[in-house]
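Understanding the architecture of this molecule
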Amino acid sequence: MNLMLTRKQQEIFDFLIQNQDTFRHPPTLEEVCTGIGVKSRGSLHAHIKALIEANLIEAPERKQRGIRLTEYAKQLICGSDNQGSLPFVGTIAAGRPIEAVETISYIAIPEQLKTQKPCYVLKIKGDSMIEQGIFDGDWVIIEQRSHARNGEIVVALVNKSEATLKFIEQYPHETLLIPANAKMEAMRFKPEQVEIQGVLVGQMRSYSNH
């Protein structure tokens, strides 16, 4: 089963997925704008309409506050109608935005490599984590959450634009993103510059040349 979404629609959808547990109530349009760094609500209306038409978010009602995921969308995230499969959403390379795939596909994942929480799959591009055994072309399974313990490997979004897979160390005054490659140095940021978008829970590798 595939979803045909533009990058901005995917960004909105990902924000709603990743922040299901963050908001006490479903987020408003203003909160979504703030969350994805868009200044104008007007520019989001067409994308929201497209997501409603794709049956991923519910059409708003007067009594209803905020933007809600449909049950269909939740099933897609949990992979409940894709037995043993998870969505492959794109490629992650250090210092670049995640290269989202135009069409989300599903990859069969052994139960041992994922958790009971919503997960997704990324493909690694680069060698910043090679000393941890994570190589260019590997597939990683990421559990969606916005928090992590120090020492965990996370998908981190820096300045709302650049994504990277690194070890994380968090302190009151700074956040460190640490590669597993002796040729590279740790990156230092203010805590507010770094958003955690998930934590590594599994990994796969293909030995084919295709």
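What counts, and where the lines are drawn
Residues numbered from 1 in each chain as written. Predicted model: local features only at pLDDT ≥ 70, side-chain atom pairs only at ≥ 80, totals over all residues. Heavy atoms only, no water. Core = buried A, V, L, I, M, F, W, Y, C linked by side-chain atoms within 4.5 Å. Buried < 20%, exposed > 50% of the residue type's maximum accessible area, 1.4 Å probe, protein only. Helix = DSSP H or I, 4+ residues; strand = E, 2+ residues; numbered from the N terminus. Contact = heavy atoms within 4.5 Å. Phe/Tyr/Trp six-rings, centres within 6.5 Å; stacked < 30°, edge-to-face > 60°. Polar contact = N/O pair within 3.5 Å; in protein donor to acceptor, adjacent residues only side chain to side chain.

1. What to know about the nonpolar core
Counting 19 residues, the largest nonpolar core has I12, F13, L16, V32 and L44 as the members making the most contacts within it. Those elements that place two or more of their residues in this core are α1 (7-18), α2 (29-36) and α3 (42-53). Considering each element in turn, this core owes the most residues, five residues, to α1. Residues contacting I12, with those up to four places away along its chain left out, are V32, I36, L44, H47, I48 and L51. M129, I153, V155 and L200 belong to the second-largest nonpolar core, a separate cluster that totals 17 residues.

2. Some remarks on the environment of Q9
Relative to the elements of secondary structure, Q9 occurs in helix α1. Taking the relative accessible area as the measure of exposure, Q9 reaches 11% and is therefore buried. Sequence-wise, Q9 and A46 are 37 residues apart; in three dimensions their C-alpha atoms are separated by 9.3 Å.

3. Quick word on the packing of aromatic side chains
Enumeration according to the criterion identifies one aromatic pair in this entry. Aromatic side chains F88 and W139 sit 5.0 Å apart centroid to centroid with 75° between the ring planes, which places their arrangement in the edge-to-face category. Of the two residues, F88 is situated in strand β1 (residues 85-93) and W139 in strand β4 (residues 139-143); the sequence distance between them amounts to 51 residues. What makes F88 buried here is its relative accessible area of 11%.

4. Some details on the side chain of R145
By secondary structure assignment, the location of R145 is in the loop between β4 and β5 (153-158). A residue is classified by how much of its surface remains accessible, and R145, at 15% relative accessible area, is buried. Within the local environment of R145, its side chain forms a polar contact with the side chain of E143, the two groups lying 2.7 Å apart. With residues up to four places along the chain from it excluded, the contact list for R145 reads E152, I196, Q197, G198 and V199.

Read these as spatial facts, not as claims about activity.
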